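Residue-level listing of the chains:
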Amino acid sequence: MIKGIGVSGGIGIGTAVVIKQQAASYEEHAADPAAEKNRFHQALEQFCEQTEKLAEEMAQSAGEKEGEILRGHILMVKDPFMQSQIEEQIDAGSSAEAAVDFACTLFIQMFESSGDELTIQRAADVRDIRQRLFELLTNSGSSALSALPMGTVLVAEDLTPSMTAQMDKAAIAGIVTQNGGRTSHSAILARALRIPAVLQVENAAGRIQNGDKIALDGSSGEVWINPNSEQLAELEEKKKSYEALTAELRTLVGKPTQTADGKQAELCANMGTPSDLPAVLENDCEGIGLFRTEFLFMDRDKAPTLEEQFEVYKKVVTALEGKPVIIRTLDVGGDKDIPYLGMKQEENPFLGFRAVRYCLKNQALFHDQLKALVMAAAFGDLRIMVPLVTTVTEVREVKAMIASIQAECQEEGISFGKTIPLGVMIETPAACMIADLLAKETDFFSIGTNDLTQYVMAADRGNQEAAYLYSTYDPAVLRSIERIISSAHTSKIPVGMCGEAAADPLLTPLLLAYGLDEFSVSAPSVLPTRRTIARWNMPEAGQVAEHVRSLSTAEEIQTYLESVQK
Amino acid sequence: MITKKITVTNSQGFHMRPAGIFTAEMAKFKSTISITANGKTVDGKSLMYLISACIKCGTEIEITCSGEDEKEMMDKAVSLIESGLGEQ
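Residues numbered from 1 in each chain as written. Chains lettered and ligands numbered in written order. Predicted model: local features only at pLDDT ≥ 70, side-chain atom pairs only at ≥ 80, totals over all residues. Heavy atoms only, no water.

Enquirer: I'd like a description of the overall build of chain B, backed by residues and values.
Expert: Each helix and strand counted, chain B has three helices and four strands in total. The order of α-helices and β-strands along chain B, N terminus first, is β-α-β-β-α-β-α. Taken over 88 residues, chain B has a buried fraction of 53%. The contacts of chain B with a sequence gap of at least 6 include a subset with a gap of at least 24, amounting to 70%. Roughly 4000 Å² of accessible area belongs to chain B as shown, and the carbon and sulfur atoms make up 48% of that amount. (Helix = DSSP H or I, 4+ residues; strand = E, 2+ residues; numbered from the N terminus. Buried < 20%, exposed > 50% of the residue type's maximum accessible area, 1.4 Å probe, protein only. Contact = heavy atoms within 4.5 Å. Areas by Shrake-Rupley, 256 points an atom, 1.4 Å probe, with all protein chains shown as cover.)

Printed below as a string of structure tokens:
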């Protein structure tokens, strides 16, 4: 078994067809510029004709947006500057191939040196254009792609948009490539076509031979070359259940999240970086319940600027088109290695100087983050959430900072969010005990069950000797959750949950019965959670909660919840 | 020659499709157009150069038009950018 990154879920089993892109060989010079120009223009015309046709097909089979990628190739190749570059080269004695190579390479290098992710990705488009123009000029098209046998696992260095468009999709059981990331065209197209795909498999086109039996898991990123019959039977089984499950889940896209008897809940997604956006949107979430901002601060030498943060927050808020986006302010502590923050090694980092405690003492850093959030709030339904709150004073201090930043924006004449809901993460026993007081000062709660469980049980789940105590099913944790929700409702503010517990199907009836307003889960858990919620009705959920109240240990509760699971 | 500063507000910035719409409209004018952004000046009639300038939502750009129909060209360029370059 070898590993890459899974970018399009599902199990693919089939026979390898390895596509190797040949390095183009051509004559550098040509004697007759007029004839070369003629060849170039003929190839160009064919290129545009074929690409338009492929774009049309792509738009129908994979969606309008995927067709647009190919139409973009026509726009690029028709750029008057691209054409004049090529013609100048031909006039200077180059062959059509050499001229195309020259102009394409110029733009590939220009895009790749930009340092901007989106622009760098366009370099792959120019490569694709170059390859296809070569094929047209030399009549060496890769016709193999349109006549693939059924059950083909396509293996290539990279899957270009034009390759994807030319191949017979119905014949493809899976895709394995050496290059490409989660946001590459290959990944986007594979997902749109619902073909299992694993990218970044080292030397895939070298290790895998034509005719090899290949199995791949597009979720885990595992690839098996000539698996044995036992492995194969297991994977076939997995494939069947995966297909049945996705078919069921797909029927839930666009449906409201509600119980069998019609009680609605809000179902949001958690995200860690903007690159999670496509997955979050594809899975039909109703908003973002937790956008962690730590990624902005990690793996770098100095804090991100206000502008840099603003761009990111605005991008996410804009992409969600008016749906709520809860952004959590910086949640760091001595356990995370971010040297420029100057945090000291602590004996007890989880009980130490972290999250909002750190931010309130580092006002310049916190000011920039809050100001970027306040400015981005002008572009959608942005809500600010503060982690690790233990006192009302902390909330008041953050509120005062936000108010003064809003006044600052007003004075500077920049647009900003005038009413920004402010919420707190409830993840400490202190916050749980004073939930009623915090509810009076804030607009919403979000229960962070991972930390809440650890702090309530005083047990580190990373510590092998103590991990047995770490259980969200423990009555101490469940009572905390119930208490938090009821305190919030007394003050008429909504409560969400953004820890792993929100996606745990065993806990769904309890959370419904307690009255949880919003479930925020990882993107792949959105539809499964909608399905679980739809299977329960409120009276049944209420009975489960009532019975759980009579049980005394985490084990008893877990066993009972398993017995009633839907 | 006329010059104007404007901030790009459509979410994709001068990405493939918006830049394609922009350059197609600009090609209809006789005047020349150059766009300065992030310290780089590129030709506003070239999709490839516009992409290379990495103009994003929120980027402030300076447009310079020069030629017999420079005023009409500038008006069109500004109205295209203000209307979001074809994004809904």
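Still more ground to cover, so stick around.
Enquirer: Which residues make up the nonpolar core, and what values go with them?
Expert: Ranked by size, the top nonpolar core spans 99 residues in total, and within it Ile288(A), Tyr313(A), Leu382(A), Phe445(A), Ile481(A), Leu510(A) and Leu561(A) carry the most contacts. Considering every element that reaches this core, the biggest residue donor is helix H13 (residues 363-376) of chain A, with eight residues. In this structure Leu561(A) touches Tyr473(A), Leu506(A), Leu507(A), Leu510(A), Val544(A) and Val548(A), once residues within four positions along its chain are discounted. By size, the runner-up hydrophobic cluster in this structure holds 55 residues, among which are Leu137(A), Val8(B), Ala19(B) and Cys65(B). (Core = buried A, V, L, I, M, F, W, Y, C linked by side-chain atoms within 4.5 Å.)

Enquirer: Talk me through the packing of helix H1 (residues 33-62) of chain A against helix H4 (residues 96-112) of chain A; I want residue IDs and the actual numbers.
Expert: All names here are of chain A. Relative orientation of the contacting elements H1 and H4 amounts to 60°, with a least axis distance of 9 Å. On the basis of the axis angle, H1 is oblique to H4. Taking contact as the criterion, the partners of Glu36, Arg39 and Phe40 in H1 are, on H4, Ala96, Glu97 and Val100. Of the residues assigned to the contact of H1 with H4, the class counts are three nonpolar, no polar and three charged. (Axes fitted to C-alpha atoms, helices over the stretch in contact; angles between N-to-C directions. Parallel < 35°, antiparallel > 145°, perpendicular 65-115°, else oblique. Nonpolar A, V, L, I, M, F, W, Y, C, P; charged D, E, K, R; others polar.)

Enquirer: Can you lay out the sheet that holds strand S2 (residues 32-37) of chain B for me, pointing to particular residues and giving the numbers?
Expert: Working definition: the strands of a sheet are paired by backbone hydrogen bonds and lie parallel or antiparallel to each other. Residues and elements named next belong to chain B. Sheet architecture is open: four strands sit in the order S1-S4-S2-S3, paired in antiparallel fashion. A single partner strand is all that each edge strand has here, and the edge strands are strand S1 (2-7) and strand S3 (40-43). Neighbour to neighbour, the strand axes of the sheet diverge by 25° on average, direction disregarded. Relative to S3, S2 runs antiparallel, the two being bridged by four bridges. Looking at the pairing, Ser34 lines up with Asp43 of S3. Most of the contacts of helix H3 (residues 70-82) go to S1, to which it runs at about 0°, and overall it touches S1, S2 and strand S4 (60-66). (Pairing = 2+ DSSP bridges.)

Enquirer: Please set out the sheet that holds strand S9 (residues 266-271) of chain A residue by residue, giving values where relevant.
Expert: All names here are of chain A. Reading around the circumference, S9-S10-S11-S12-S13-S14-S15-S16 is the order of the eight strands in this closed barrel, with parallel pairing throughout. Adjacent strand axes in the sheet meet at a mean angle of 25° when their direction is disregarded. The pairing of strand S14 (residues 444-447) with strand S15 (residues 495-497) spans three bridges and is parallel. Its bridge partner lying in S15, Phe445 is registered against Val495.

Enquirer: Which residues make up helix H3 (residues 80-91) of chain A, and what values go with them?
Expert: With 12 residues, H3(A) ought to run about 16 Å at 1.5 Å a step, and its terminal C-alpha atoms sit 16 Å apart, in line with that. For H3(A), the full list of buried residues reads Met82(A), Gln83(A), Gln85(A), Ile86(A) and Ile90(A). Relative to the axis of H3(A), the buried residues are bounded by an arc of 160° and lie together on one face. Taken together, the buried residues of H3(A) touch H1, helix H2 (64-77) and H4 of chain A together with helix H2 (47-52) of chain B. Trailing H3(A) by a residue or two, Gly93(A) shows a phi angle of about 105°, which is positive. (Expected span 1.5 Å × (residues − 1). Arc of directions from axis to C-beta.)

Enquirer: Describe in detail the interface of chain A and chain B, supporting the description with residues and values.
Expert: Interfaces are frequently sized by the accessible area removed from exposure as the parts join. Residue-level contacts link 24 residues of chain A with 18 residues of chain B. Between chain A and chain B, roughly 1800 Å² of surface is buried when both sides are summed, and carbon and sulfur atoms account for 72% of that area. The tally of links from chain A across to chain B stands at two salt bridges. The shortest N-O distance in the salt bridge between Lys56(B) and Asp116(A) comes to 2.9 Å. Our count for the chain A to chain B interface comes out at five residue pairs in polar contact (both at pLDDT 80 or more). Put simply, the parts of the chain that give the side of chain A that touches chain B at least two residues each are H2, H3, H4, helix H5 (117-138) and helix H11 (306-319) of chain A. Class assignment for the residues of the side of chain A that touches chain B results in 12 nonpolar, five polar and seven charged. (Buried area = accessible area lost by both parts, 1.4 Å probe. Salt bridge = Lys/Arg side-chain N within 4 Å of Asp/Glu carboxyl O. Polar contact = N/O pair within 3.5 Å; in protein donor to acceptor, adjacent residues only side chain to side chain.)

Enquirer: Before we move on, can you summarise H5(A) with the specific residues and values?
Expert: Three- or four-residue spacings in an α-helix give side chains the same orientation, since the helix completes a turn every 3.6 residues. Residue and element names in this part refer to chain A. Taking 1.5 Å per residue as the helical rise, H5 with its 22 residues ought to reach 32 Å, and the 33 Å between its terminal C-alpha atoms agrees with that figure. The element H5 is extensively covered by neighbouring structure, given that 16 of its 22 residues are classed as buried. Two residues or fewer past H5, Asn139 is found with a positive phi of approximately 55°.

Enquirer: An account of the pairing of strand S13 (residues 422-426) of chain A is needed here, citing residue identities and associated values.
Expert: Residues and elements named next belong to chain A. Of all five residues that make up S13, five are buried, and the element is covered over most of its length. Neither face of S13 is left uncovered, since the one carrying Leu422, Val424 and Ile426 and the one carrying Gly423 and Met425 both have all their residues buried. For strand S12 (residues 382-386) and S13, the ladder comprises three bridges, and the chain directions are parallel. Residue Ile384 lies in a different strand from S13, and its bridge partner there is Leu422. Read as a crossover between parallel neighbours, the route from S12 over helix H14 (residues 392-412) to S13 is right-handed. (Right-handed = clockwise from strand over helix to strand, strands pointing away.)

Enquirer: Just give me the short version of the pairing of S9(A), but keep the residues and values in it.
Expert: All names here are of chain A. Among the six residues that make up S9, five are buried, leaving the element largely enclosed by the rest of the structure. As judged from the five bridges shared by S9 and strand S16 (residues 518-522), these two strands associate in the parallel manner. Residue pairing in the sheet places Leu267 in a bridge with Phe519 of S16. Note: S9 against strand S10 (residues 288-291), three bridges, orientation parallel. By the bridge assignment, Ala269 is partnered in S10 with Ile288. Taking the sense of rotation as the criterion, the β-α-β connection linking S9, helix H10 (residues 277-282) and S10 turns out right-handed.

Enquirer: With reference to specific residues and values, describe the confidence of the model for chain B.
Expert: Chain-level statistics for chain B give a pLDDT mean of 90 and a share of 98% at 70 or above. The complex prediction reports pTM at 0.65, with the ipTM value standing at 0.91. (pLDDT = per-residue confidence, 0-100.)

Enquirer: Describe the packing of aromatic side chains, naming the residues involved and giving the relevant values.
Expert: By the definition in use, this model includes eight aromatic pairs over all chains. Ring centres of Tyr26(A) and Phe134(A) lie 5.6 Å apart, and the angle between their planes is 35°; on these two criteria the pair is classed as tilted. Of this pair, Tyr26(A) sits in the loop between strand S3 (11-19) and H1 while Phe134(A) sits in helix H5; the two residues are 108 residues apart in sequence, bridging distant segments of the chain. Among the aromatic side chains, those forming a connected cluster through ring pairs are Phe81(A), Phe107(A), Phe111(A) and Tyr49(B). Sitting above the plane of the Phe379(A) ring, Lys314(A) keeps its charged end 4.3 Å from the centroid. (Phe/Tyr/Trp six-rings, centres within 6.5 Å; stacked < 30°, edge-to-face > 60°. Lys NZ or Arg CZ within 6 Å of the ring centre and 35° of its normal.)

Enquirer: Lay out the pattern of salt bridges in plain terms, naming residues and giving numbers.
Expert: Residues and elements named next belong to chain A. The full count for this structure, using the stated rule, is 30 salt bridges over all chains. For Lys239, the salt bridge identified is with Glu243, shortest N-O distance 3.6 Å. With Lys239 and Glu243 both in helix H9 (residues 229-250) and four residues apart, the pair spans about one turn of that helix. Take Glu243: its relative accessible area is 41%, and that puts it in the partly exposed class. Notably, a salt bridge pairs Lys566 with Glu540, separated by 2.7 Å at the nearest N-O pair. With Lys566 in the segment after helix H22 (554-564) and Glu540 in helix H21 (residues 538-549), this residue pair connects regions lying 26 residues apart in the sequence. Accessibility expressed as a relative area gives 29% for Glu540, which makes it partly exposed.

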